[in-house]
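What the coordinates show
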Amino acid sequence: MEKTVSLSLDSPVTALKNVGAKRAALYEKLGIRTVSDLLRFYPRSYIDYTSPIMAADGQEGESCVIKGYVLKKLQPAPIRKGLVIYKILANDGLSNFQVTIFNNEYAYYGIKTGEEYVFAGKFSAKGRVFQLAMTSYLPAEDAGILRPVYNLTEGLTNGMVVNNLTEAIVCADQLEDPLPKELLQDQKLCQLRYAIENIHFPNGREAYEIARRRLVFEEFFTMSLALIKLRGREKAATAVQLANTDITPFEASLPFALTGAQRRAIGEILADMKKSYPMNRLLQGDVGSGKTMVAAAAVYAAAKNGYQSAVMAPTEILAAQHFATFSKVLEPLGVKVCLLTGSLTPRQKELLKEEIAAGTYDTVVGTHALVQNSTVFHNLGLVITDEQHRFGVEQRRRLAGKGESPHSLVMSATPIPRTLALIVYGDLDLSVLDELPKGRQTVETLVIHSDKRNRALGFVKEHIAAGEQAYIVCPLVEESDSGLLAASQYKDQIAGAFPGISVGLLHGKMRPAEKDAVMSAFQKNEIQLLVSTTVVEVGVDVPNATVMMVENAERFGLAQLHQLRGRVGRGSKKSYCILVSDNDGEENRKRLKVMKSTADGFVIAREDLKLRGSGDFFGSRQSGMPALAIADLFEDAGMFAEAQEAARALLKDDPELEKLENHPLKVIIDRIFDQNKDGWN
Ligand code: ADP
Ligand code: MG
């Protein structure tokens, strides 16, 4: 089909050659509707034809590029119906290598004997016989380029995207640069047009670097603008201004001295609560850093000033645990604490809510569902949300609507570096607990195959015999045909091996009251061995537990394993984490090695990101990360500060982005808000 209408940025992708309804639907899946969308669809990576290696230097299983003359084209070998393997023998000047092409006759016949090419693909070697499973190739004279590789969807090939972009790229001329000229000059950034052209079809490595730097800056810059504006909206006045923030009695009543980090965080929180606008603070600390005591100090201060606090936990188990902790430390100081739990009868719930509304209790602990829905407070001054990554901005706001703009403290056990936290939780101020209480020992981590399971169970038994407790975590609740271990069956199977020891079972499908009962029995050491799913993952605090055994460890993310391991080593006794996995794949081995080599949640988060890519780590809505099209949160973190600084300066000059020259920016920001209406948790 001949298409003659001249292309513009707003043209639908169907205006491009070879794009009909079918391909347009595939593009739609990737969020691409117009030519302009396509131009902003940045490559995921590049095949670097500019730096070929010698076949003899190839690494088994790695992708690489080798340049060579074609010596001979072998006869096509049909393997079976629909699969033909084409083989080509080439020489890189030093050694011969074999190029294998799967099913692509077009490529095979395009390659000529005696000519020189650059072949890209996956390398393997059998002795001195080198093989390249080819994915793409270029004639050697065209080899001075980086070839873009796009994130595809089934049915859409890289070649199709490249072809469409080759046509669409002329429209880069029409792009209006949203970044102000002075900013481009100050930051030494190239123009948008150049950036778009060279991000898709880099004119050499340097051009690529220049293009990428500009686009990363733009992304951070626009995101910062959006975040600063979001934050501005929250600075409504609060009626909750604490007059007295002396917490000496609270500190004096604790059985231990607060850590320096705890003291600092409490100081920051109390200073916020004295101000005339609501606190919006994130308390971030590695597992076991003692966030709960910081929260208790804030609750204490609020109560002494006559304000109620709401403490929300992501699970019933944690709510019950917080209730126990808060009662223990606060009740003796005259602060009344209640627990709003799912195991109350409707009548009990109603009564309790009446009392809360009447101001009988200073602190209400519960799951967010319970505390948020239909709970009326007498005078709510402080909202504490534990384990931030399970809650969203919207939820926080909804609760904040319950009082006269109460202060808000969010606690997170997913440690991420400060710069990242600024991006992810851009609407929050940040306090960090970067110090563990004294006397903590690092948890010794062992990785074993399942054939050592019995020995591991023997080890668990020894520790229980010494008066300690243990967890065994399985990925599933009930057995399925997945081959994974399930907590219910596991418990039944091993119970016999632990005579005289009380083995408990805990999983998410149990009723709240059942879970409470099991958890509290474990807390009291009436249960010594707890077989569980990841419901124990976040926050559970039983200092007498010293062994955490995780079955099918390959099924859990690094951050999750770190959380699980954080359930032990909370007291002063030596603790162990045993990771059981029969998966010997390279990726899994790398992951488990990270677990063995470090106990630092920040390092683990970083490795997790590296291994999974930020898409996965921050990809889910839960994490609340606005999607990044090009910036890498770790690699580019340094540029974020500059971009944020520039965003502040711009907003100082034009707070509502009303100036004509800032209009294109405003359009982008509005779109960011729009796309993240219910995201940005
Ligand atoms: P997390 O930050 O993981 O939520 P918790 O608040 O549950 O950690 O605290 C972990 C354990 O450390 C608890 O048993 C708590 O009582 C104890 N703890 C908290 N602060 C201190 C401290 N300053 N010194 C000693 N132990 C502490
Ligand atoms: Mg906690």
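What you see is a predicted model, and the numbers here were worked out from it, not measured in a lab.

Counting its secondary structure elements, the protein contains 23 helices and 21 strands. Out of the 681 residues belonging to the protein, those deemed buried represent 52%. Restricting to contacts in the protein with at least 6 residues of sequence separation, those with at least 24 account for 72%. Counting every atom, the protein has about 31,200 Å² of accessible surface; 50% of that belongs to carbon and sulfur.

Another aspect to go through is the packing of helix H9 (residues 260-273) against helix H10 (residues 291-304). Their axes nearest at 9 Å, the elements H9 and H10 cross at an angle of 35°. Note that H9 runs across H10; the crossing there is right-handed. Residues Gln 262, Ala 265, Ile 266, Ile 269, Leu 270 and Met 273 of H9 lie in contact with H10, whose contacting residues are Met 293, Val 294, Ala 297, Ala 298, Ala 301 and Ala 302. Across the contact of H9 with H10, the residue classes break down as 11 nonpolar, one polar and no charged.

Before going further, it helps to examine the side chain of Asp 92. Position of Asp 92 among the secondary structure elements: in the loop between strand E4 (83-91) and strand E5 (96-102). An unpaired buried charge is present at Asp 92: no salt bridge exists, and Arg 128, the closest side chain of opposite charge, is 8.4 Å distant. One polar contact links the side chain of Asp 92 to the main-chain amide nitrogen of Ala 55, over a distance of 2.8 Å. One polar contact links the side chain of Asp 92 to the main-chain amide nitrogen of Leu 94, over a distance of 2.8 Å.

Within the structure, ligand 1 sits among 17 residues, and Gly 288, Thr 292, Arg 440, Asp 541 and Arg 570 are positioned closest to it. With respect to ligand 1, the side chain of Arg 440 contributes an N or O atom lying 2.6 Å from an oxygen atom. Measuring from an oxygen atom of ligand 1, one finds a side-chain N or O atom of Arg 570 at 2.8 Å. Surface burial for ligand 1 is 86%, taken as the share of its 560 Å² of free accessible area covered by protein chains. Within the shell around ligand 1, the residues separate by chemical class into six nonpolar, six polar and five charged.

This part takes up H10. Between its terminal C-alpha atoms H10 stretches 20 Å, which fits the 20 Å expected from 14 residues at 1.5 Å a residue. A large share of H10 lies buried, amounting to 12 of its 14 residues. Looking at H10, one finds that the buried residues are Lys 291, Met 293, Val 294, Ala 295, Ala 296, Ala 297, Ala 298, Val 299, Tyr 300, Ala 301, Ala 302 and Ala 303.

Leaving glycine out, the prevailing phi sign among residues is negative, and the prevailing peptide bond configuration is trans. Its identity is not glycine, yet Asn 103 carries a phi of approximately 65°, on the positive side. Tracing the sequence through the fold places Asn 103 in the loop between E5 and helix H3 (105-110). Despite not being glycine, Lys 188 has its phi angle at roughly 55°, a positive value. Turning to its location among the elements, Lys 188 is positioned in the loop between helix H5 (181-186) and helix H6 (192-200). The class of Lys 188 is exposed, set by a relative accessible area of 70%.

For Lys 291, the location among the structural elements is in helix H10. Note on Lys 291: relative accessible area 9%, which makes it buried. Beyond its immediate sequence surroundings of up to four residues, Lys 291 is in contact with Leu 283, Gly 285, Asp 286, Met 411, Ser 412, Ala 413 and Leu 433.

This part is about the pattern of salt bridges. Proximity of charged atoms lets side chains of opposite charge pair with each other. Within the structure shown, the criterion is met by 21 salt bridges. The residue Glu 197 makes a salt bridge to Arg 193 at a minimum N-O spacing of 3.7 Å. Placement of both Glu 197 and Arg 193 in helix H6 is noted, with a separation of four residues, approximately one turn of the helix. A relative accessible area of 25% places Glu 197 in the partly exposed class. Notably, a salt bridge pairs Glu 444 with Lys 574, separated by 3.2 Å at the nearest N-O pair. Here Lys 574 lies in the loop between helix H19 (558-565) and strand E21 (576-580) and Glu 444 lies in strand E16 (residues 444-448), a separation of 130 residues in the sequence. For Lys 574, a relative accessible area of 32% corresponds to the partly exposed category. Linked by salt bridges that have partners in common, Arg 40, Asp 177, Arg 214 and Glu 218 make up one network.

Next up on the list: the sheet that holds E16. Remark on secondary structure: sheet strands pair via backbone hydrogen bonds, oriented parallel or antiparallel. Spatial ordering of the open sheet is given by E16-E21-E20-E17-E19-E18, a layout of six strands whose pairing is parallel. Looking at strand neighbours, the two that pair on one side only are E16 and strand E18 (503-506), the edges of this open sheet. Pairwise comparison of adjacent strand axes, ignoring direction, gives a mean angle of 15° for this sheet. Most of the contacts of H19 go to strand E20 (residues 545-550), to which it runs at about 150°, and overall it touches E16, strand E17 (469-473), E20 and E21.

In low-pLDDT segments, the atomic positions of the prediction should not be examined closely. Taken residue by residue, the protein gives an average pLDDT of 86. The fraction at 70 or more is 89%. Every residue in residues 614-625 scores below 50 in pLDDT, and together they form 29 contacts with partners more than four places removed in sequence or on other chains. Low pLDDT, under 50, characterises residues 677-681; the predicted model gives this stretch 19 contacts beyond four residues in sequence or across chains.

A separate point is the nonpolar core. Core analysis: the largest hydrophobic core is formed by 74 residues, its most contacted members being Phe 250, Leu 330, Tyr 471 and Leu 506. Element by element, the count of residues in this core is highest for H10, at 11 residues. The residues touching Tyr 471, leaving out its near neighbours within four places in the chain, are Phe 522, Leu 529, Leu 530, Val 536, Val 540, Val 542, Ala 545, Val 547, Met 548, Met 549, Arg 567 and Val 568. Among the nonpolar cores identified, the runner-up in size contains 58 residues, and Leu 7, Ala 24, Val 35 and Tyr 46 belong to it.

Another point: the packing of aromatic side chains. Under the defined criterion, the tally for this structure stands at 14 aromatic pairs. Taking the centre distance of 5.9 Å and the plane angle of 35° together, the rings of Phe 123 and Phe 130 count as tilted. Both residues of the pair, Phe 123 and Phe 130, count as buried. Aromatic pair Phe 217 and Phe 221: ring centres 6.0 Å apart, planes at 15°, arrangement stacked. Residue Phe 217 and its partner Phe 221 are located together in helix H7 (residues 205-234), separated by four residues, close to a single helical turn.

Calculation criteria
- Residues numbered from 1 in each chain as written.
- Chains lettered and ligands numbered in written order.
- Predicted model: local features only at pLDDT ≥ 70, side-chain atom pairs only at ≥ 80, totals over all residues.
- Heavy atoms only, no water.
- Helix = DSSP H or I, 4+ residues; strand = E, 2+ residues; numbered from the N terminus.
- Buried < 20%, exposed > 50% of the residue type's maximum accessible area, 1.4 Å probe, protein only.
- Contact = heavy atoms within 4.5 Å.
- Areas by Shrake-Rupley, 256 points an atom, 1.4 Å probe, with all protein chains shown as cover.
- Axes fitted to C-alpha atoms, helices over the stretch in contact; angles between N-to-C directions.
- Left-handed = near helix turned anticlockwise from the far one by under 90°.
- Nonpolar A, V, L, I, M, F, W, Y, C, P; charged D, E, K, R; others polar.
- Lys, Arg positive; Asp, Glu negative; His and termini not counted.
- Salt bridge = Lys/Arg side-chain N within 4 Å of Asp/Glu carboxyl O.
- Polar contact = N/O pair within 3.5 Å; in protein donor to acceptor, adjacent residues only side chain to side chain.
- Near = heavy atom within 4 Å.
- Expected span 1.5 Å × (residues − 1).
- Pairing = 2+ DSSP bridges.
- pLDDT = per-residue confidence, 0-100.
- Core = buried A, V, L, I, M, F, W, Y, C linked by side-chain atoms within 4.5 Å.
- Phe/Tyr/Trp six-rings, centres within 6.5 Å; stacked < 30°, edge-to-face > 60°.

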